[in-house]
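Okay, here's what each chain looks like letter by letter:
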Amino acid sequence: MVSTWNDDVPSPRTQVRKGSPGRAVLFFAVVLLTVVVLFSFFENSLVYFPAKYPTGDWNPLGLEFEDAWFEAADGTKLHGWYVPHPSPRAVILFAHGNGGNLTGWAEDLRQIHARAGASVMIFDYRGYGRSAGSPNEVGVLQDARAARAWLAERAGVREQDIVLMGTSLGGGVMVDLAAHDGARALVLQNTFTSLVDVAKFHFGWLPASMLMRNRLDSAAKIGRFHGPLLQSHGDIDTIVPYALGRKLFEQAHEPKQFLTLEGFQHNDLHPPEYFEALGDFLSNLPPL
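Our subject in this report is the structure included herewith. (Residues numbered from 1 in each chain as written. Predicted model: local features only at pLDDT ≥ 70, side-chain atom pairs only at ≥ 80, totals over all residues. Heavy atoms only, no water.)

### Thoughts on the nonpolar core
- Membership of the largest hydrophobic core comes to 49 residues, with the highest contact counts inside it found for Phe70, Leu93, Met121, Phe123, Leu164, Met174 and Leu186.
- For this core, the element with the highest residue contribution is helix α5 (residues 137-155), accounting for eight residues.
- Ignoring anything within four residues of it in the chain, the contact list for Leu164 reads Leu93, Arg148, Met174, Leu177, Ala178, Gly182, Ala183, Ala185, Leu186 and Val187.
- Counting residues in each nonpolar core, the second largest holds 28 residues, with Trp58, Trp81, Ala116 and Tyr274 among its members. (Core = buried A, V, L, I, M, F, W, Y, C linked by side-chain atoms within 4.5 Å. Buried < 20%, exposed > 50% of the residue type's maximum accessible area, 1.4 Å probe, protein only. Helix = DSSP H or I, 4+ residues; strand = E, 2+ residues; numbered from the N terminus. Contact = heavy atoms within 4.5 Å.)

### Comments concerning the pattern of salt bridges
- Tallying each qualifying case throughout the model produces 12 salt bridges.
- Among the ionic pairs, Asp143 bridges to Arg126, the shortest N-O distance being 2.8 Å. With a gap of 17 residues between them, Asp143 in helix α5 and Arg126 in the loop between β6 (119-124) and α5 connect regions that are remote in the sequence. For the residue pair Asp143 and Arg126, the accessibility class agrees, reading buried in each case.
- The closest approach of N and O atoms between Asp181 and Arg145, which form a salt bridge, is 3.4 Å. (Salt bridge = Lys/Arg side-chain N within 4 Å of Asp/Glu carboxyl O.)

### Digging into the pairing of β6
- Most of β6 sits out of view: six of its six residues are buried.
- By the alternation rule, side chains of β6 split into Ser119, Met121 and Phe123 and Val120, Ile122 and Asp124, which are all buried.
- By the bridge criterion, five bridges tie strand β3 (residues 77-83) to β6 in an arrangement that is antiparallel. In the strand pairing of β6, His79 is matched with Asp124.
- Pairing between strand β4 (residues 91-95) and β6: five bridges, direction parallel. Counterpart to Leu93 in the pairing with β6 is Met121. (Pairing = 2+ DSSP bridges.)

Spelled out as structure tokens, the structure:
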């Protein structure tokens, strides 16, 4: 140790008296631990943002639909809307994002019906809209399977002949369903590789891969699906980065098509050209 005084280096006695390095480390460790515990405790509320009935427009103008009532495997009562088409190019099951409820996607249903020429059903996950329960990963995946079973019976088609379509979180739900059970085709909008990757983008300082229970690891699942894929993503998406959409697309098998929506954010309504491209995609599917 240097015995001469140096104004830039406090003496050992001064360091011990102040205790600043050790106390600072301890303080930040406690803060980090507290944040980690809170994140784990409130994880579901950070992933799911449901709006319960009667929030929303439950009688949207220009949209004719049937109410669908059904139950998940665990008995949770669920609700959806079914919009039939007299001569559909395809029958679509649509899974919406993590916020609001199905009423927020009324315009998408109109466009899918009118421009893409398809019959379409949208459903609310447990805890959303008129559906009972509280959302979690296991539950919302059960809800999608129950919705597909209802739609197959109502439309008179096999479950595997339904086109699965999902936006954002709903894309993760539909990738799981397609990977495990198959589908006529898969359509993804602004979706992610995994919820963990989205959490890392927004909370990079948290060990999300260690903490999160909700994962929806689509990148690990999509390789099990071997049917046609149509994927789209806004190139200025600040909620689910465009790069995550591209990375997911790279993991998928052919035949596949990626549409970049230039200047579109995460929650922007897709332009008419997108729904026309969707109609072309459906028209070119192998016949049933």
